[in-house]
Every structure is written in structure tokens, then in C-alpha cells.
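Chain by chain, the residues run as shown.
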Amino acid sequence: MTFEETLDYIYSRRKFAESSSLERISAVLSVLSDEHKKLKFVHVLGTNGKGSVSEMISSCLSASGYKTGLFTSPFVLDFRERIQIDGKFIEKEDFCRIAETVKEKSELLPEVLRPTFFEFVLAVALVYFYESGCDVVVLEAGIGGRDDSTNIIPPPLLTVFTSISLDHTDVLGSTIGEIAKNKAGAIKKGSAVISFPTEDGGFDFIPQSKEVADVLRLTAKEKDCKILFPDMKKLTLTEESIFETKFSFDGLPLSIRLPGEHQLGNSACALTALKELKALGFDLKSESIQKGMHDAFLPARAEVVKKEPLTIIDGGHNEGAAKTLKKLINRHLKEKKITLLAAYMKDKDYETALSLLAPECENIVFTLADEKRGEDPKRLKACAEKYCKNIFCENDRKKALQKAESLLSKNSALLIAGSFYLAAEERKNFDV
């Protein structure tokens, strides 16, 4: 199969199965010889910040000389972002070859045991990481914990929990306690547990709630695991801008290119995990951690793609993402006149997102995110008119960008937001 044919096949797989269990992924990996059992893992779970924490940990391990696999989702620019080694995407040839093997082997199974979309991609990743001889794999969970396909791994070196909040309530439970119990179901006997901070340290982020922390503590105790929470008193912020955040943690000077004070909580979580890996015997020198943290990067997450005029791309599409962007505007762009170029998918809560972002804007240009799934720019305009007077609609994305840039003055900033699809398409127009 070609790369495009391989993607078509993977997308043809059912997204969800009738029941949540590890039976399917277990069967698939079994016919693939269960080679994943020979790998070492850092398992990262949570609601928010999984991508950031996974990227930070994997970047620091790579900078320390360890061949590090990274499995993450969703992708932003290229499907192969999901499967990386030392920051490099899986080659198309390897992706197609391994996918062909997973397809052939899984078709030997009864239909009920054949993998879903996510399980198929996970199987490809695990085979690739084993074949490539990875020293360690940072594995980001999908949804939940106990029944998430990634929970098929043997006891990991660490089980890391980022911020846990209400999400996917139809699958994980209707209360924060139920969701925490589901995610804590991934804790395995003897593996150290790391949690997102339970205190904000005076910084602008929501710490892990007491209810969640209590669930993690109880489950860790039941599984005979040590559990560690970052000490935010050890973190000192020294400088912050839209381009870089400088701080020290436990006396070590650091800088990250991921903006927003919520990244300080994610950083503390990742650094606490790295300290525990060091205690387990990993050779993680201070200079390697400094390099790894600075190199950590996520495309289209408040990404500065142009300095003059200042242009920022963010693919976040939910209320939480809009709140983060609003904070970013109020903290770093207060003196700028904001022009927003936005597009949203029909199934997203764009009304709430626009109620947060539109009041901050001097101008808004709405465009079409996708021919089939994208919301009509005129509908978006109707939602935003009560917050902003200067609104334009242009279905053609290239013309929409040209229109938005024509509205910029000397003291302006362009914000491209609302959809990862839009972010991926518009990002191609910049030298990044």
C-alpha cells in the first residue's frame, strides 16, 4: 500500500468499539509476538497537558543520549507526528510496511477482535519502537486509563498524571472522582506515580484537585507504588514573554518555548518525573535537561510563526483552549490590536469560544475550515457580531489570510485560531 492508501485503510477502521476493554489490543499484539513487552515505558495520562508533558520528558531523554520513542495524539500537521523517535517522525516506508503487517496479522483474528483506529496506530507504533531498539518509550494515553489501549503495556518505569478534569463524561464517568478512578486504573504494582502539582505556587493555573489527588494516593497505596507531587515552592519564575519563559526549578535555571503559566505546572510535573528516572538509574545531566526543556516544542499551540507583524497560530478548538488564548492576549498582547483569523468545525462549541475571544479583537476574518465539516463563516459572524464590529467572511483560506494581513497596522498582532485543520493549512504559508 502507498502512504495515502495506508491512511485510507486506517481511517476506515471503526473509531470506537462496542465495549471498552484491552481484549482487542491484546489479541492484536499477541499475533505480533508481544514484542512490546520487552520495551521500557513512561506512561502519561490525564485530561490536559499530556502532549506538553510527554514532549518535555521525551525531549530531555533524547538530549541525554537515550533513543526515545514518543507516541502521542492527535496530530496537527502530519499523521506521522503520532509516532516519533528522538523528535523524528516515522518514515513513510516504515509506516506502510509495519501497517501492512498489522493489517495482515489482525485479519487472522475474528472480526470482534480486530483493532479500532487507535488500536491499529498503537500497534504500528509499538512494533516500530521495538524494531528500532528504543531505550525507552514515552507513551501518551488516549482516553481514560484503565480501559485505554495503552494500558496493555507491562508495568512502566513511571505512571505520570497530568491535570485531570471533566472530559469524555459519556465514557469515563459523570463526576471528577469517577474519571480519576478510571485514569488511576492504569497504575500498576511497583511503578512510581507522578502527579500534576496540587498547589499553584502563586501561578496562573488550576492545580490537581484534592479529590483527584486522593484517588491517586489511594490507588498508589493499593498497588504498592510511591507517589510524588511537584513542590511548587521550588519553582521561581524569572522572565516571561510570548516567545520564551525562563524559570528555575530546584535551583536549576531553565527556559521553555511553550507559552502560558499553565506550562509551569506541566514543567514541574515533567521535571519531577525526570528526577525519579534519574533515581532509577538514568544518566540525566543538568545541561541535558536544560537543552531538552528548551527544545520541547508543539506545533500550532500558541506558536509564533512570524515576529513582524507578530503572528500566532493556535489549533485549540474548545472552551479551555479559548480561555488559555484569552489569558495569553491579556498577559502579553494587551498593547496590541488583535486581528483574528478563525474557522471552526460544525461540531465544536464555537459560540463559547467566540464569546471569550471576540471581545479582545479589533477585527475578525472568518473562513472555512473544511468543505464538509467546517461551519459556514456567515454563521460564525452572526455569533460574534455582538462582541466585535469589524467582521469579514471569506471562504477561500488563502484570500482570508490576505484579508487578515491587510487589516494589520504597526501595533497589530494576527491570531490564527479555532481549528487544527485551519492551523495546519495556514502554517504552510509561513517559514517555520
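Everything discussed here concerns the structure shown above.
Reading the values: the criteria
- Residues numbered from 1 in each chain as written.
- Predicted model: local features only at pLDDT ≥ 70, side-chain atom pairs only at ≥ 80, totals over all residues.
- Heavy atoms only, no water.
- Helix = DSSP H or I, 4+ residues; strand = E, 2+ residues; numbered from the N terminus.
- Rg over C-alpha atoms; globule rule 2.2 N^0.38 Å.
- Buried < 20%, exposed > 50% of the residue type's maximum accessible area, 1.4 Å probe, protein only.
- Contact = heavy atoms within 4.5 Å.
- Areas by Shrake-Rupley, 256 points an atom, 1.4 Å probe, with all protein chains shown as cover.
- Lys, Arg positive; Asp, Glu negative; His and termini not counted.
- Charge placed at Lys NZ, Arg CZ, Asp CG, Glu CD.
- Pairing = 2+ DSSP bridges.
- Axes fitted to C-alpha atoms, helices over the stretch in contact; angles between N-to-C directions.
- Salt bridge = Lys/Arg side-chain N within 4 Å of Asp/Glu carboxyl O.
- 1 Å grid on protein atoms, 1.4 Å probe; cavity = no way out; pocket = protein on both sides within 12 Å on 5 of 7 lines; lining within 4 Å.
- Points joined across faces, edges and corners; volume = space filled by probe spheres on them.
- Nonpolar A, V, L, I, M, F, W, Y, C, P; charged D, E, K, R; others polar.
- Phe/Tyr/Trp six-rings, centres within 6.5 Å; stacked < 30°, edge-to-face > 60°.
- Parallel < 35°, antiparallel > 145°, perpendicular 65-115°, else oblique.

Engineer: Break down the overall build of the protein for me, with residues and values.
Structural biologist: Looking only at helices and strands, the protein has 15 helices and 17 strands in total. Here the C-alpha radius of gyration of the protein, 22 Å, is about what a compact globule of 432 residues would show, namely 22 Å. Reported as C-alpha extents along the three principal axes, the dimensions of the protein are approximately 60 × 50 × 40 Å. For the protein, with 432 residues in total, the buried portion stands at 55%. Partitioning the contacts of the protein with sequence separation of at least 6, the portion at a separation of at least 24 is 75%. When the accessible surface of the protein is summed, it comes to about 19,100 Å², and 48% of that surface belongs to carbon and sulfur atoms. Positive and negative charge centroids in the protein, built from 61 and 65 side chains respectively, lie 2 Å apart.

Engineer: A description of the sheet that holds strand β14 (residues 337-342) should follow, citing residues and the corresponding values.
Structural biologist: Strand pairs in the sheet, formed through backbone hydrogen bonds, run parallel or antiparallel to each other. With mixed pairing, six strands are arranged side by side in an open sheet as β12-β13-β17-β14-β15-β16. At either margin of the open sheet sits one strand with a lone partner, and together these are β12 (303-307) and β16 (390-393). Mean inter-strand twist for the sheet, computed between neighbouring axes without regard to direction, equals 20°.

Engineer: Break down the sheet that holds strand β3 (residues 83-85) for me, citing the residues and quoting the values.
Structural biologist: Strand order in this open sheet of eight strands is β4-β3-β2-β5-β1-β6-β7-β8, and the pairing throughout is mixed. Looking along the sheet, the strands with just one partner apiece sit at the ends: β4 (88-89) and β8 (227-228). Each of β1 (41-45), β2 (68-71), β3 and β5 (136-140) is contacted by helix α5 (residues 117-131), which is oriented at about 20° to β3, the strand it contacts most.

Engineer: Describe the pattern of salt bridges, naming the residues involved and giving the relevant values.
Structural biologist: Applying the stated rule across the entire model yields 26 salt bridges. R331 serves as the salt-bridge partner of E240, at 2.8 Å between the closest nitrogen and oxygen. Within this pair, whereas E240 is found in strand β9 (residues 235-240), its partner R331 is found in helix α11 (residues 319-332), the two being separated by 91 residues in sequence. Across the pair R397 and E425 runs a salt bridge, and its minimum N-O distance is 4.0 Å. With R397 in helix α14 (residues 397-406) and E425 in helix α15 (residues 420-427), this residue pair connects regions lying 28 residues apart in the sequence. Residue classification places R397 among the partly exposed positions, given a relative accessible area of 24%. Sharing partners across several salt bridges, the network here consists of D94, R97 and E131.

Engineer: Any chance you could break down the layout of surface pockets for me, citing the residues and the numbers?
Structural biologist: If you add up the space inside the second largest pocket, you get close to 460 Å³. Lining the second largest pocket are 27 residues, with E55, L70, Q84, G87 and F297 sitting closest to its centre. The set of elements that each furnish at least two residues to the lining of the second largest pocket consists of α3 (50-63), β2 and α10 (286-295). Sorting elements by how many residues they give to the lining of the second largest pocket places α3 first, with seven residues. Of the residues assigned to the lining of the second largest pocket, the class counts are ten nonpolar, nine polar and eight charged.

Engineer: How would you explain the environment of V53 if you had to name every residue and give the values?
Structural biologist: Position of V53 among the secondary structure elements: in helix α3. Not counting residues up to four positions away in its chain, the partners in contact with V53 are V44, V160, T162, N266, C269 and A270.

Engineer: Account for the packing of aromatic side chains, naming residues and giving values.
Structural biologist: Within this structure, the stated rule accounts for twelve aromatic pairs. Ring centres of Y128 and F129 lie 6.1 Å apart, and the angle between their planes is 45°; this geometry places the pair in the tilted category. Neither Y128 nor F129 differs from the other in exposure class; each is buried. Ring geometry for Y344 versus Y350: centroids 6.2 Å apart, planes at 45°, classification tilted.

Engineer: Can you break down the pairing of strand β10 (residues 245-249) residue by residue, with the values?
Structural biologist: Of all five residues making up β10, four are buried, and the element is well covered by its neighbours. Note that β9 and β10 share five bridges and pair antiparallel. Bridge pairing links E240 to T245 in β10. Linking β9 to β10, which pair antiparallel, is a turn of four residues. Note: β10 against strand β11 (residues 252-256), five bridges, orientation antiparallel. Of the residues in β11, the one forming a bridge with F247 is L254. Count of turn residues in the β10/β11 antiparallel hairpin: two residues, of which D250 carries a positive phi of about 55°.

Engineer: Go over the packing of helix α1 (residues 3-12) against α5 with me, naming the residues and quoting the values.
Structural biologist: Relative orientation of the contacting elements α1 and α5 amounts to 135°, with a least axis distance of 8 Å. One element, α1, and the other, α5, form an angle in the oblique class. Contacts between α1 and α5 involve Y9, I10 and Y11 on the former and, on the latter, F117, F120 and V121. Of the residues that constitute the contact of α1 with α5, the class distribution is six nonpolar, no polar and no charged.

Engineer: Outline unusual backbone geometry, listing residues and values.
Structural biologist: In terms of backbone geometry, most residues other than glycine have negative phi values and most peptide bonds are trans. The omega torsion across S73 and P74 is -5°, close enough to zero to call that bond cis. With respect to the helices, strands and loops of the structure, P74 is situated in the loop between β2 and β3. For the peptide bond that leads from E308 to P309, omega is -10°, which places it in the cis range. Located in the positive-phi region is D224, a residue other than glycine, with phi close to 60°. If you trace the backbone, D224 turns up in the loop between α8 (210-222) and β8. In this model, D250 sits at a positive phi of 55°, which is unusual for a non-glycine residue.

By themselves these figures say nothing about function.
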